[in-house]
Amino acid sequence: MLDFIYENGLTGLFIGISTFIIIGVFHPIVIKSEYYLGTRCWWFFLILGILGIICSLHIQDVIISSMLGVFSFSSFWTILELFEQRDRVIKGWFPMNKKREPEYKKYMEKKANNANR
């Protein structure tokens, strides 16, 4: 399949479409991860990103290396989005996991204390 893409000059188009899909897949991952695990799972995405970069640097194929690079930086971006998702939940834009309500309250108190300084 990669030979077909290379031979027909579809490399850029394939990378673009794949990037769009990877980013689209990460959107619900952020929402579900924050809902069930909170922000404490950020380190998992850091490890995924680092592993993706290492793999990307060791693969010669441009398409596969590019996809691993996109995956890596989508993982890194997910770390930021987890924390922003928590703020969106607190604003009421997304549902709050009732089992983690004390965690949200603790965060809101800490945020309020920092604002009063």
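Use the structure listed above.
No experiment lies behind these values; they were computed from the predicted model shown.

Calculation rules
- Residues numbered from 1 in each chain as written.
- Predicted model: local features only at pLDDT ≥ 70, side-chain atom pairs only at ≥ 80, totals over all residues.
- Heavy atoms only, no water.
- Phe/Tyr/Trp six-rings, centres within 6.5 Å; stacked < 30°, edge-to-face > 60°.
- Buried < 20%, exposed > 50% of the residue type's maximum accessible area, 1.4 Å probe, protein only.
- Lys NZ or Arg CZ within 6 Å of the ring centre and 35° of its normal.
- Helix = DSSP H or I, 4+ residues; strand = E, 2+ residues; numbered from the N terminus.
- Contact = heavy atoms within 4.5 Å.
- Patch = residues over 30% accessible without salt bridge, like charges linked within 9 Å, V, L, I, M, F, W, Y side chains within 5 Å.
- Areas by Shrake-Rupley, 256 points an atom, 1.4 Å probe, with all protein chains shown as cover.
- Salt bridge = Lys/Arg side-chain N within 4 Å of Asp/Glu carboxyl O.

S.K.: How should I be thinking about the packing of aromatic side chains in this particular structure?
M.R.: Within the structure shown, the criterion is met by 5 aromatic pairs. Considering the side-chain rings of Tyr 35 and Tyr 36, the 4.9 Å spacing of their centres and the 85° angle between planes classify their relative orientation as edge-to-face. Taking relative accessible area as the criterion, Tyr 35 reaches 26% and is therefore assigned partly exposed. Its relative accessible area of 51% is what places Tyr 36 among the exposed residues. Arranged with centres 5.5 Å apart and planes meeting at 75°, the rings of Phe 44 and Phe 45 form a pair that is edge-to-face. Residue Phe 45 is classed as buried on the basis of its relative accessible area, which comes to 4%. Taken together through their ring pairs, the aromatic side chains of Trp 43, Phe 44 and Phe 45 make up a single cluster. The lysine or arginine in question, Arg 86, covers the ring of Tyr 107, its NZ or CZ lying 3.5 Å from the ring centre.

S.K.: Would you explain the environment of Met 96 in this entry?
M.R.: Counting through the fold element by element, Met 96 comes out in the loop between α4 (62–90) and α5 (101–115). Exposure remark for Met 96: the relative accessible area of 22% places this residue in the partly exposed category. Taking the C-alpha atoms as reference, Met 96 lies 27 Å from Gly 49; in sequence the two are 47 residues apart. Apart from the residues lying within four places of it in its own chain, the contact partners of Met 96 are Tyr 35, Val 89, Glu 101 and Tyr 104.

S.K.: Help me out: how do you make sense of a nonpolar patch on the surface in this one?
M.R.: A contiguous nonpolar surface patch, about 680 Å² in accessible area, is contributed by Trp 42, Trp 43, Phe 44, Ile 47, Ile 50, Leu 51 and Ile 54. As for its placement among the helices and strands, Ile 54 is situated in helix α3 (residues 42–58).

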